[in-house]
Amino acid sequence: MNGVHDMGGQQGMGPVRYEKDEPVFHAGWEGRIYALNRAMRAWRRWSLDTDRHALETMSPLDYLRMSYYERWVHRLEEQLVSYGFVTGDELQSGKPAPGSVRATPVFTLATASRWLNRGIASSHEPAVRPLFKVGQRVRARNINPTGHTRLPRYARGRAGVVMRDHGVYLFPDTNAHFQGEKRQHVYSVRFTARELWGDRASERDSVYIDMWDDYLERL
Amino acid sequence: MGDSNKGAVDRREFLKGIAAGAVTGATQGTVHTQDTQDHDHDHQDVPSDLALRVKALESLLVEKGLVDSAALDGLIDTMEHKVGPRNGARVVARAWVDPAYKKRLLEDAPAAIAELGYSSGQGDHMVVVENGPKVHNLIVCTLCSCYPWPVLGLPPVWYKSAPYRSRAVIDPRGILREFGTTLPDEVEVRVWDSTAELRYLVLPERPSGTERMSEEQLAALVTRDAMVGVAKVTLPPSGGRT
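Residues numbered from 1 in each chain as written. Chains lettered and ligands numbered in written order. Predicted model: local features only at pLDDT ≥ 70, side-chain atom pairs only at ≥ 80, totals over all residues.

Peer 1: Quick one: what's the story with the pairing of strand β2 (residues 135-140) of chain B, residue by residue and with numbers?
Peer 2: Here is the key point about a regular strand: its side chains alternate between the two faces of the sheet. Residue and element names in this part refer to chain B. Most of β2 is tucked away, with five of its six residues classed as buried. Bridge count between β2 and strand β3 (residues 188-193): six bridges; the pairing is parallel. Within the sheet, the bridge partner assigned to V135 lies in β3 and is E188. (Buried ≥ 20, exposed ≤ 12 C-beta atoms within 10 Å, placed from the backbone. Helix = DSSP H or I, 4+ residues; strand = E, 2+ residues; numbered from the N terminus. Pairing = 2+ DSSP bridges.)

Spelled out as structure tokens, the structure:
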């Protein structure tokens with residue numbers, strides 16, 4: 001979706017604010033919500049793609065106003081209710097509903113290594129044929145899906161060159177919406193700065209963007 | 001960041017807003033999954049409210065048997081104490097002193113990084129890109145916050161912020177200048193936008209004057225910023241951010 005999260009090339013966001021000796025978490029709750037998000041994702045009711053999309057569908061005002069982990073609080077509360085882990089009443093009261101069945105955590109210290117090392121589908125899948133070759137000139141499709149996509153707006157319609165075939169990955173546009181993994185090749189595609197931003201950009205510079213087969217067309 | 005424009009709201013009003021949102025979610029069942037959402041409740045929460053809210057959430061999930069507090073402690077401990085830029089610095093220093101390792105690192109980063117005992121927690125694949133006299137690499141994730149966790153840990157706030165995400169692709173040289181890195185025109189800048197499950201790490205240039213340094217001493221010079229590509233590795237007297 002053409003959301004506010006798709007920030008590449010936007011202007012007016014101000015200077016980068018740098019914090020010297022920044023801590024990993026700025027407050028205890030940031031660490032807790034980080035860990036809660038990871039532990040709940042281990043239930044596999046939703047994927048990383050679903051999680052990313054849940055942030056994208058936030059109100060743009062909230063997205064810009066909230067801090068990073070504040071968005072995670074908002075997202076986890078929404079996901080928990082949406083996927084039936086807790087009810088709105090339980091969220092409100094902070095207590096399990098009377099008579100509700102107690103689960104057993106999927107993610108425990110004992111099973112942590114298994115979850116932490118879970119791989120995505122292997123990037124080596126000979127059965128899935130690449131549609132493009134290294135060195136080939138391609139164009140990023142001009143598409144505007146209303147769901148999740150990892151094709152940034154600033155690249156759409158632009159021409160580039162396939163520099164590297166990264167292998168096979170799940171397709172986020174369908175996987176985020178439980179519409180199948182649609183495994184396909186992902187490539188590193190080089191776009192010159194001038195192709196993306198016009199003649200005033202440096203003639204030497206470029207942006208390398210990772211692109212799924214479905215994002216590309218032949219030139 | 002992001003705290004400056006938060007107005008303090010009355011705590012009762014805030015909790016009422018949360019409750020209203022939650023009840024709506026419960027009765028309609030689908031309000032949170034639709035593309036267009038109704039955001040009538042106020043999110044201008046003050047940090048103390050967020051702390052309480054997360055605490056209440058954790059205790060609810062523990063009581064329901066959905067999460068295990070010790071496992072949460074473990075996840076946090078990993079990020080605070082076991083994973084971080086020191087891992088990446090060791091990879092870089094090894095590549096500087098061992099040409100065969102550097103070759104492996106550039107050809108198959110996940111395997112070479114695993115040689116030093118670091119593996120991914122996200123199911124992503126590492127790619128290492130090398131800086132040189134004529135090429136400078138810069139890493140960004142314009143769509144969210146993708147970052148090479150196994151070697152750098154969690155990203156700093158600036159990396160996840162709108163200013164960095166928006167400008168890194170359109171004005172990389174401007175970003176670099178803000179970080180004190182001015183590149184001559186003849187140096188080619190390559191920006192890597194982490195749109196898929198590949199995670200990038202910059203192999204910075206080894207500074208001159210370090211020929212006699214040990215691998216350990218070299219690792220101590222390598223900063224997180226240099227491995228993201230917003231800075232170069234410098235010798236201590238000339239300064240450099242960590």
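Once you've had a look at it, read on.
Peer 1: Any chance you could break down the pairing of strand β4 (residues 198-203) of chain B for me, citing the residues and the numbers?
Peer 2: Residues and elements named next belong to chain B. Summarising burial for β4: six of the six residues are buried, a large majority. Residues L198, Y200 and V202 line one face of β4 and the alternating positions R199, L201 and L203 line the opposite face, and both faces are buried. One ladder, built from six bridges, connects strand β1 (residues 125-130) with β4; its direction is parallel. Of the residues in β4, the one forming a bridge with E130 is L203.

Peer 1: I'd like a description of the packing of helix α1 (residues 28-41) of chain A against helix α3 (residues 69-82) of chain B, backed by residues and values.
Peer 2: One can describe the packing of α1(A) onto α3(B) by two numbers: an axis separation of 9 Å at closest approach and a directional angle of 115°. The angle between the axes of α1(A) and α3(B) places the two elements in the roughly perpendicular class. Of the two elements, α1(A) crosses α3(B), and the hand of that crossing is right-handed. Where α1(A) abuts α3(B), its residues G31(A), R32(A), A35(A), L36(A), R38(A) and A39(A) lie against A71(B), L72(B), L75(B) and I76(B). (Axes fitted to C-alpha atoms, helices over the stretch in contact; angles between N-to-C directions. Parallel < 35°, antiparallel > 145°, perpendicular 65-115°, else oblique. Left-handed = near helix turned anticlockwise from the far one by under 90°. Contact = placed C-beta atoms within 7 Å.)

Peer 1: Tell me what's going on with the packing of α1(A) against helix α4 (residues 68-82) of chain A, and back it up with residues and numbers.
Peer 2: All names here are of chain A. Between α1 and α4, whose axes approach to 9 Å, the crossing angle comes to 40°. As the angle between them shows, α1 and α4 are arranged oblique. In this structure, α1 crosses over α4, and the sense of that crossing is left-handed. In this structure, α1 contributes E30, I33, Y34, L36, N37 and M40 to the contact, and α4 contributes Y69, W72, V73 and L76.

Peer 1: Tell me about the interface of chain A and chain B, residues and numbers included.
Peer 2: Every contact between the two is made by 86 residues of chain A and, on the other side, 77 residues of chain B. When contributions to the side of chain A that touches chain B are tallied by element, the ones reaching two or more residues are α1, α2 (48-56), α3 (60-65), α4, α5 (88-93), α6 (112-116), β2 (159-169) and β4 (206-212) of chain A. Of the residues belonging to the side of chain A that touches chain B, the class tally is 38 nonpolar, 26 polar and 22 charged. Where β4(A) meets β3(B), four bridges bridge the pair, whose relative direction is parallel. In the strand pairing of β3(B), Y208(A) is matched with W192(B). (Nonpolar A, V, L, I, M, F, W, Y, C, P; charged D, E, K, R; others polar.)

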